[in-house]
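So the chains spell out like this:
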Amino acid sequence: QVQLVESGGGLVQSGGSLRLSCAASGSVSNVVHMAWYRQSPGLERELVADITKGGLTRYVDSVKGRFTISRDNAKNSVYLQMNSLKPEDTASYYCNTSPPRVEYWGQGTQVTVSS
């Protein structure tokens, strides 16, 4: 059973940066796609970025050029570097597989961007 724990969120001003981390209790090195999702109040959870085992990445259009997803299979970790943050990036951020598995959803980490 894999447990995913997100960290690194916080309050930041518009234009600032944050780096989110996702630590897996079990091995995710063989998981082909890992991803970051986010959810704002009243909205559906959306896929922000995903990454294959080999490092190929995809991003939702709204974060392209600003966010970078990466993974360290040896450390069973996935990261999301977020630069040039905007107020509309405010959300709870979660990591999971892609597509997501219900049993892997964690508590998430809150990102709040002030204008």
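Residue positions are given per chain, counting from 1 as you read along its sequence in written order. Residues qualify for local features only when their pLDDT is at least 70, as the model is predicted, and side-chain atom pairs are given and counted only at 80 or more; totals for whole chains, interfaces and linings, by contrast, use all residues. Excluded from the side-chain calculation are hydrogens and water; included are all heavy atoms of the structure.

### Examining the overall build of the chain
Now for step 1: If you tally the helices and strands in the chain, you get zero helices and ten strands.
Now for step 2: Its helices and strands in sequence order give the chain the pattern β-β-β-β-β-β-β-β-β-β, from N to C terminus.
Now for step 3: Relative to the 2.2 N^0.38 estimate, which gives 13 Å for 115 residues, the radius of gyration of the chain is 13 Å and therefore close to what a compact globule would have.
Now for step 4: Principal axes of the C-alpha set define a box for the chain whose edges measure 40 × 25 × 20 Å.
Now for step 5: Within the chain, the proportion of its 115 residues that are buried is 43%.
Now for step 6: Whether two residues are in contact is decided by their heavy atoms: any pair within 4.5 Å suffices. Long-range contacts, defined as pairs at least 24 residues apart, comprise 54% of the intrachain contacts of the chain with a sequence gap of at least 6.
Now for step 7: When charges are counted, Lys and Arg contribute as positive and Asp and Glu as negative, whereas His and the chain ends are disregarded. By convention, charge coordinates are those of NZ in Lys, CZ in Arg, CG in Asp, or CD in Glu. Of the charged side chains in the chain, 11 are positive and 9 negative, and the gap between their average positions amounts to 6 Å. Secondary structure counts use DSSP, requiring at least four H or I residues in a row for a helix and at least two E residues in a row for a strand, with both numbered from the N terminus. A radius of gyration in this sense is built from C-alpha atoms; the matching globule rule multiplies 2.2 Å by the number of residues raised to 0.38. For every residue, the accessible area obtained with a 1.4 Å probe (protein chains only) is divided by the maximum for its type, and the residue is called buried under 20%, exposed over 50%, and partly exposed between those limits.

### A look at the pairing of strand E7 (residues 67-72)
Now for step 1: Of the two faces of E7, the one lined by Phe67, Ile69 and Arg71 is fully buried and the one lined by Thr68, Ser70 and Asp72 carries no buried residue.
Now for step 2: For two strands to be treated as a pair, DSSP must find no fewer than two bridges joining them. The pairing of E7 with strand E8 (residues 77-82) spans six bridges and is classified as antiparallel. Opposite Arg71, over in E8, you have Val78 as the bridge partner.

### Looking at the sheet that holds strand E4 (residues 34-39)
Now for step 1: Strand order in the open sheet formed by six strands is E2-E10-E9-E4-E5-E6, with mixed pairing between adjacent strands. Single-partner strands in this sheet number two, and they are strand E2 (10-13) and strand E6 (57-59). Ignoring which end each strand starts from, the neighbouring axes of this sheet average 25 degrees apart.
Now for step 2: Where strand E9 (residues 91-97) meets strand E10 (residues 109-114), three bridges bridge the pair, whose relative direction is antiparallel. Counterpart to Ser92 in the pairing with E10 is Gln110. In this description, a line fitted to the C-alpha atoms serves as the axis of each element, helices being fitted only across the stretch in contact, and the angle between N-to-C directions of two axes falls anywhere from 0 to 180 degrees.

### A short note on the state of the cysteines
Now for step 1: What counts as a disulfide here is a pair of cysteine sulfur atoms lying within 2.5 Å. Evaluated as defined, the whole model comprises one disulfide.
Now for step 2: Each sulfur of the disulfide joining Cys22 and Cys95 lies 1.8 Å from the other. In this structure the cystine formed by Cys22 and Cys95 twists about its S-S bond by roughly 55 degrees; its chirality is therefore right-handed. Of this pair, Cys22 sits in strand E3 (residues 18-24) while Cys95 sits in strand E9, placing them 73 residues apart in sequence. For the residue pair Cys22 and Cys95, the accessibility class agrees, reading buried in each case.

### Here's the deal with the pattern of salt bridges
Any two side chains of opposite charge can pair if their charged atoms end up close together.
Now for step 1: One side-chain nitrogen of Lys or Arg within 4 Å of one carboxyl oxygen of Asp or Glu is enough to make a salt bridge. Per the stated rule, a full pass over the model turns up six salt bridges.
Now for step 2: Residue Glu46 is joined to Arg38 by a salt bridge in which the shortest nitrogen-to-oxygen separation is 2.6 Å.
Now for step 3: What makes Glu46 partly exposed here is its relative accessible area of 29%.
Now for step 4: Two residues, Asp61 and Lys64, come together in a salt bridge whose shortest N-O distance is 2.9 Å.

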